[in-house]
Amino acid sequence: MQLQFNVRSDKRSVFDHLTQPDKFVSVHPLIYKMTDLGGGNYKVYERVKFGPIPYKFTYKANIATRDIDEVIIKASVAGLTKIEMHFFLDSFENSTTINEHISVSTPLPVKRYMYRLLEEQHRLLFQNIEKNTEKI
């Protein structure tokens, strides 16, 4: 899946929000905690709702970068679902365009749900990044 977002924030601010756990947690709609395991690896604490029922779970993720232009997040949920997200950041005046490539690999019949959830989460994530950087 490919997504594109435009944020009225400079590239450094967007990059920092994607790569610094405290900033990432402050703007992510579902992730409420990240514990540093070293080497770019994190234990991620997430809360989702299945209808009216909240469900909390943890998983491991890795955050890697290529300069300030690319952020790669790889996550493995319950050993069954692997998610890989590549964020490509481009500056234009006082804004940043984010081109995101997402792949989900799982034997479970949840790919469509996962893609829809990720698209919704990331739309909110980048809206929150924009709002957060407006305060600065």
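In the block above lies the structure referred to throughout.
Quick summary incoming for the structure in this document. (Residues numbered from 1 in each chain as written. Predicted model: local features only at pLDDT ≥ 70, side-chain atom pairs only at ≥ 80, totals over all residues. Heavy atoms only, no water.)

### Notes on the environment of D90
Right, so step 1: Looking at the element boundaries, D90 is found in strand 6 (residues 81–92).
Right, so step 2: Taking the C-alpha atoms as reference, D90 lies 9.4 Å from I68; in sequence the two are 22 residues apart.
Right, so step 3: Those residues within four positions of D90 in sequence are excluded, and the remaining contacts are K11, S95, T96, T97 and N99. (Helix = DSSP H or I, 4+ residues; strand = E, 2+ residues; numbered from the N terminus. Contact = heavy atoms within 4.5 Å.)

### Quick word on the side chain of E130
Right, so step 1: By the secondary structure assignment, E130 is in helix 3 (residues 111–134).
Right, so step 2: Residue E130 is classed as buried on the basis of its relative accessible area, which comes to 14%.
Right, so step 3: For E130, the residues in contact, after removing those within four places along its chain, are N6, V7, R8 and S9. (Buried < 20%, exposed > 50% of the residue type's maximum accessible area, 1.4 Å probe, protein only.)

### Observations regarding the pairing of strand 5 (residues 70–77)
Right, so step 1: The element strand 5 is extensively covered by neighbouring structure, given that six of its eight residues are classed as buried.
Right, so step 2: By the bridge criterion, seven bridges tie strand 4 (residues 53–66) to strand 5 in an arrangement that is antiparallel. Its bridge partner lying in strand 5, K60 is registered against S76.
Right, so step 3: Here strand 5 runs beside strand 6; their pairing, made up of eight bridges, is antiparallel. Directly across from I73, in strand 6, lies its bridge partner M85.
Right, so step 4: Two successive antiparallel strands, strand 5 and strand 6, enclose a turn made up of three residues, where A78 displays a positive phi of approximately 55°. (Pairing = 2+ DSSP bridges.)

None of this, on its own, says anything about what the molecule does.
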